[in-house]
Amino acid sequence: MAEIARFLNLDDKPVHHGGGSSHNKNHSKGKAAAKLKNRRATPKESERKKLKREMDKLHKAHAKAAKLLEAHKNDTSTVNIPIIDNSLLNDDSNAARAHRMGKIVPPSDIDSFPGIPTHCIPDMLMVWDFLCTFSRTLKLHPIELDDFAAALSFRPQENVADSHASSSDESANSSSSSNMPVYLSESHLALLNLLVGDVTSDTWWWSVLETPEMIEEEDNEYLNAVDRKRKTAAAVVKIDMEGLLNAEEDPGVTTKWLQALDDIRVKKPDNSGAIKNIVKSAIAITTNHLVKVYLKKAMRKWRAKSAGLVKRAVVWLIDKVREARPDLWGRSISDEDLADQKKFVVADANLEMDRVDEDANDDPAGDDNLEGSDDESESDDEEESDNEDEYADHVEPAGTPSKQACSAVPKANDDITPVTTFVPNKPVPSLVDLLLPPAKPNDNDIIHPLTWPPVVGAASLRILQWYKRRRNEVDDGIRNFRQLRPMSVAERRRRESCAPLRILSECGHQSKSESQDVEKAIQHLCEGNDYLTLTAVQRLCILRLLMEAAYDTHELQTHIEDNFKSRTNAVKALEAEERRAKKESREELAAIQTAARERMTREAREIFIEKKRQEVMDCIGGTDLTEEDVENMEDDELIEFDEETKAEYESLPTAESFNKVEVDAMVRNIQEETAFGTDVLSVIKIDDLMEKDAQYLKSLEDELESLNDTKPQRSSASNREITGRRDRLRKEITNFTENKQALAEDREIAIDLLRDAIEDGTIKTLRAAIKTAKLARLTDDDLETGGIWALDVLRDAALELKNAESRKRVVEAKKDLIAKRNKCFIRTDPLGEDRYHSSFIHFDYDESNRIWAERDLVLVKDNSETNEESAVLLADPKSASICAPDEENDFLSRDDRGTPYEEAFLSFARKEYHPSAELSSLSMHHWSCYTTDRSLRALVKNLTSASPQEKELKEALKATLETMALAAGEKNSQGDDATAEKKESIEFLTSGDEAAFDKAKQAIMEVDLNLLENVSSAIKRRVRLRRIPDPDRAPDFAQYMMGSITGWKKDDAQEGVEAIIWKLALDDGGELHISSTEVAAGIIRAIKWSTQHPGYIEHDAPFLSYRNDFGRFCGRAVEAPSSMTPLAFAKHMIKKEQDLYINFKNRAIENNWGGKSGARNAWVSSLKEHGHNFKAVRDGLLTLEEALFELSGGFGKSKPTSEALLDSLANGKSENDAAATNGESSLANGTTALSADSALLKGKDLYYDETSRFDIELESLGNDIHGLWNSSDAREIYREIISTANSVCVLALGLALISRNGQAYINRTKSSVVATATATGDSSNNFVGRRRAAMQRPGAYSDFF
């Protein structure tokens, strides 16, 4: 019990144990503590403790609630929509000032390519990216962007006229195709094979054959609502529409009789009784005399069980009145607009009245049809009928193609005549159309390296025609949706005339004098002319059309869908990796936060213990405790010293009670210490550093002064030690003072490098900058704390380095997944946007160090502001607008015009083109490219983290910089030794090279000296450097690099020789030192290359050595460059002749070609000897046609058909007699495919007449084929085309035509009796789509062209 009492402090009597001295001492301490405790006790102690406990509970509850709230915010997924801070658009930053002035910061490295207008760069990038992205689908090996631009703008070397030259002008004209870059042939052939081999091309290949009648016959699904309404509601009865609409009648009465007539729509034509009653009720309601007259006239055509014409007349009247009187149906419209609407309807009705022929035999007594009982109608209602097509017997017959061509001439009333179809006018057949087969080409003879330019022209014509039709459908659909009147014929033709500007984008924009360049280019190819005479923009437009059609193919869509599925899986795997990385980052941050809380708790406990220990020391007076006793007290003893101390200790903040701000501050301290690898880090500013240096110098001086004041010692050793210390201090003070200025400069450079490296954010620059900072003594050991001190800028750089290393680890972990995702191509996404919505893009197949930037132009109204050369972003609205403007009148209904809604809606719609909402058409964009590491890092530096958009872009660019292979740029980056860079800048001069450059120009040929006549200095001049990577293995393969001269110096390395070296800064990064000869030649080469100097060709350029390893459409790699030469065509023609000759010989009655005549062997020998000459191969083709024509019997010696042969043999005639008899009958009955309209024209006159061209057919069709041609006119037209041809492509198409006709002749004249033709010979089986529809109509092939 005594022990319990003492434990409860109820008994102070000590317990005697062994070791009395120790016990007495502890007992005395206990008594002293008790006395001190009693002295410090207060009357309100219990209340204070109670309040403190309540306060502790509240603190713990608050800490727990704050922790739960923070966890909720972190776990809740929210969509972070970046909020654009408009204050950043006009702040005082370099980027904002430059943007207001229309300048680009930093300046771009590449602005354009020679021969490619700047506004066509986006289309060039689009086409090139498409060809590279779908390279596997197209079987086309990718090409570099520079080589693609060079191939696109390639022009063959011009031949110098020579009066003594043996070659003719035709041979010279055709020789340019021999220089065709292989990539152009391979790319066009790849696109043609994809398009023609896909079923979707059936929709547009027959677009040049479409007529409104064909659309109606094939399927009504092609008709939009407006055209379908016009088809089913044509005028039947003549009426004065103007008088009908202007007649006075109560609007309520008009509405009633219209509603009464409206029920007729659901009645069948054979329900004549119901129709009759409806008309009678309307006549009874209306007070308009002309309406009654019209309805009575309509009833004259009423017949029992046949009231279709009456129904048509009534529906027509309803539609016209509804269209003219929109005010009857609650639509608010002004009187002026209502009058205009009536005027338009009257004009439309009058045009229809001209086409109505009223029956003269209609007797007014026919009005008796209105009489009759109602029982008749009731009986009619009970009967059913299948007569649903009430208007089928009133379809107008289609005209002949010649008449259709003539109908394309504008009429005087086209301005008011509404359009009735969305089908554009058919184009006049071209030379290529006459040589192409009737069906869609699908054999290798049509899509061939020799024939692709004209076939591309024909395909482009059909694609453009199809897009014209689709654009017309869109226009009609928009106007119908807005309930606008149909556009006039003149308006439709105006829109069709600028269709290329509406279909194509930037590349469709041409100068005013050449607004139809796209269609001219297509017509140029369709007439068989040389492809290389087209401009780079025209070639780009052709590729754009083919690319747009390729996007619609099933094969490409299938690949995209497969890639989309694969990309979805790849993205999921990438997202899983990102989640894992984020989870690791969160776990790492949580561990640091836990350590921070524990550290803060530990520090709070240490501070409390130290504070209480000091308080106890202050209160030990009058007690038996000494300071030594307090110092030796354990922490637990001090905590249990008294109840108040214990309560204060319990109220200390726990690890969970610290708020987020305090924890984040401690986390940052831990991260800073970890970055420097120390336990204690002291961060100072530059002023503190200067003060630290001053204190250090003062400490040295004070120490030296103390040594100077020291009296001499008796010991000589002591004196020597003092003297040595004094000398060392003087030397150290002297060195420190002397190096202070240099150290300040080094520190300034190091601080600038640190700041630039922080903005850059890449590992290399950060490490180099930190290394330079350490050499500049921006960090060192801290003797006071035992840790390290560092400048604040260096601290920030170290933290940024840790972040960069973390990003690199994440990028490396995701590298394989990103590569897998990128293989599943869909589109090229931009890296991000800046505050001005400028997009920054990196293309996968472009060089790794290229970043393209697309910027919006800044529109100004004052043209004087745009005159400054550097203000590339400033433009007035007129010059910034390209392509055709929007037809804004289609976007608004008549009720919305002239209202505030009109301006608001149009302003909103125009923002699609430009943020200023001042343009109603496509806006030009400024495209530029950054290639050097210096410009890329400057670009990152000018982005601010205050804008959410630019922050994301900045991070993306940093990640891109980390993964870029800047081989040349890495050698001369910002992180190089500052001293070496300074020394190099001193060695190279930036001016004063005039004399040296004059000496360099002496080695230039006199022909090129005029280009350097006004060039006195090489500094800042553009240079195109030519280097041969492997002179031994590939001496004909060169690399060309662009750059600018930045400096020059004399080379002292060569003794006795005065040599000059120029420093060349390459556009793609890096620097080279080149000689005087290379400088002069490079400047001349750059001038010729940039201006496309006549006759300048880089024969060893990389794009000329391109070979397609995927498809090889042009044959073997060795034969690809010469696949379009006359010699290649000669070889092809010899092979085709060999395939045809045997079959023709077996069917010929008299062979004057082969055998003993020797003509065939002479022909082959001539082609082998003179096959390089265009005229020789053209004459060779004409000779071959003549030979095959004679072998087939001409027009009078055709082989007999099977039936004629059987009949002749049955009558006892010989086989030769039967052949002669059949030949005479064929000659007598021979007909052509020409229409009667062209009967007055014969032979080649038909070819030169545009109207008769619609009726020309050179193909041998049908089963009744007895020769090479179907008529003499066809043969004469063919020989005229070939004899006037000036390209190998036309000859190749002509050879393919006679090969098809020859094969058709062979298939139809077999010796065996065949009842039906073979699949290859029956041309009618090859017709698909609209071609078949055209054949089944009267006139058969007359509608083909």
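Residue numbers here run from 1 along each chain, matching the order of that chain's written sequence. Where totals are concerned, whole chains, interfaces and linings use all residues; where local detail is concerned, this predicted model gives features only for residues with pLDDT of at least 70, and gives and counts side-chain atom pairs only at 80 or more. Excluded from the side-chain calculation are hydrogens and water; included are all heavy atoms of the structure.

## Digging into the overall build of the protein
Tallying secondary structure elements over the protein gives 52 helices and 15 strands in all. Throughout, exposure labels follow a simple rule: accessible area from a 1.4 Å probe, protein chains only, divided by the maximum for the residue type, with under 20% read as buried, over 50% as exposed, and the rest as partly exposed. Per-residue burial for the protein yields a buried fraction of 45% across its 1345 residues. Counting only carbon and sulfur atoms, one obtains 50% of the accessible surface of the protein, whose full area is about 70,300 Å². The helix count covers DSSP runs of H or I at least four residues long, the strand count covers runs of E at least two residues long, and both are numbered beginning at the N terminus. Throughout, the Shrake-Rupley method with a 1.4 Å probe supplies accessible areas, and for residues the shown protein chains are the sole cover considered.

## Quick notes on the side chain of Glu673
Along the chain, Glu673 turns up in helix α31 (residues 660-676). Setting aside residues no more than four positions away along its own chain, Glu673 makes contact with Arg599, Thr678, Asp679, Val680 and Leu681. A contact between two residues is defined here by any heavy atoms of the two lying within 4.5 Å.

## Focus: a negative patch on the surface
Surface patches are drawn from residues lacking salt bridges whose relative accessible area is over 30%; two like charges belong together within 9 Å, two nonpolar side chains (Val, Leu, Ile, Met, Phe, Trp, Tyr) within 5 Å. Each reported salt bridge corresponds to a side-chain nitrogen of Lys or Arg within 4 Å of a carboxyl oxygen of Asp or Glu. Neither His nor the chain ends contribute to the count of charged residues, in which Lys and Arg are positive and Asp and Glu negative. Here the site of a charge means atom NZ of a Lys, CZ of an Arg, CG of an Asp or CD of a Glu. A cluster of acidic residues, Glu745, Asp746, Glu748 and Asp752, forms a negative patch on the protein surface. Residue position: Glu745 is located in helix α33 (residues 716-760). Taking relative accessible area as the criterion, Glu745 reaches 42% and is therefore assigned partly exposed.

## Points about the nonpolar core
Proteins that are soluble and globular tend to have nonpolar side chains buried together. We define the nonpolar core as a collection of buried residues of types Ala, Val, Leu, Ile, Met, Phe, Trp, Tyr and Cys that are connected through side-chain atoms lying within 4.5 Å of one another. Counting residues in each nonpolar core, the largest one holds 142 residues, and the members touching the most others are Phe148, Phe1129 and Leu1258. Tallying contributions element by element places helix α51 (residues 1288-1308) first for this core, with 13 residues. Leu258, Val310, Ala313 and Leu317 belong to the second-largest nonpolar core, a separate cluster that totals 39 residues.

## Focus on the packing of aromatic side chains
Between the rings of Phe, Tyr and Trp (Trp by its six-membered ring), a pair exists once the centres lie within 6.5 Å; its type follows the angle of the planes, with under 30 degrees stacked, over 60 edge-to-face, and the other angles tilted. Under the counting rule described, the total for this entry stands at 17 aromatic pairs. Centre to centre, the rings of Tyr1247 and Tyr1248 are 4.9 Å apart; their planes meet at 65°, and the pair counts as edge-to-face. Taken together, the aromatic side chains of Phe130, Phe134 and Tyr551 make up a single cluster linked through ring pairs. Placement of a positive charge over a ring is assigned whenever Lys NZ or Arg CZ falls within 6 Å of the ring centre and within 35 degrees of the normal to the ring plane. The ring of Phe905 carries the charged tip of Arg482 above its face, separated from the ring centre by 5.8 Å. Over the aromatic face of Phe1189 sits the side chain of Arg1275, whose NZ or CZ is 3.9 Å from the ring centroid.

## A look at the confidence of the model for the protein
Residue-level confidence of the predictor is what pLDDT reports, using numbers from 0 through 100. Summarising the model, the protein shows a mean pLDDT of 77, and 77% of its residues fall at 70 or more. For the protein, per-element mean pLDDT is lowest for helix α48 (residues 1215-1229), which scores 36, and highest for helix α9 (residues 182-196), which scores 94. Predicted confidence for residues 10-29 stays below pLDDT 50, and this span has 13 contacts to residues more than four positions away or in other chains. This stretch, residues 1311-1345, has a pLDDT under 50; its non-local contacts, to residues over four places away or in other chains, come to 81 contacts.

## Some details on unusual backbone geometry
A cis geometry characterises the amide bond from Val105 onward to Pro106, with omega recorded as -5°. Tracing the sequence through the fold places Pro106 in the loop between α4 (94-100) and α5 (121-133). In the Ramachandran plot, His837 falls in the positive-phi region, its phi being about 65° despite a non-glycine side chain. Secondary-structure assignment places His837 in the loop between β4 (832-833) and β5 (839-841). A relative accessible area of 37% places His837 in the partly exposed class. You will see that Lys1020, though not glycine, has its phi angle at about 70°, which is positive.

## Some details on the environment of Ala349
For Ala349, the location among the structural elements is in helix α18 (residues 335-354). In the structure, Ala349 is positioned 110 residues away from Ile239 in sequence and 8.8 Å away in space, judged by C-alpha atoms. Ala349 has contacts with Met241 and Trp316, leaving out every residue within four places of it along the chain.

## Observations regarding the sheet that holds strand β1 (residues 681-684)
Across the sheet, three strands lie side by side as β1-β3-β2; this open sheet has mixed pairing. The two strands at the open ends of the sheet, each matched to only one other strand, are β1 and β2 (779-782). Across the sheet, the axes of successive neighbouring strands diverge by a mean angle of 25°, strand direction being ignored. In short, DSSP must find at least two bridges between two strands for them to pair. Looking at chain direction, β2 and strand β3 (residues 787-791) are connected through four bridges and run antiparallel. Following the sheet pairing, Asp780 is matched in β3 by Trp789. Only the contacting stretch of a helix is used when fitting its axis, a line to C-alpha atoms as for every element, and angles between N-to-C directions run 0 to 180 degrees. Docked against the sheet, α31 engages β1, β2 and β3, running at close to 100° with respect to β1.

## Side note on the sheet that holds strand β12 (residues 1022-1027)
Read across the sheet, four strands follow the order β12-β13-β14-β15 without closing on themselves; strand pairing throughout is antiparallel. Two strands lie at the open edges of the sheet, namely β12 and β15 (1071-1074), each paired on one side alone. Mean inter-strand twist for the sheet, computed between neighbouring axes without regard to direction, equals 45°. Those strands touched by helix α43 (residues 1076-1091) are β12, β13 (1039-1051), β14 (1059-1066) and β15, and its axis lies near 110° from that of β12.

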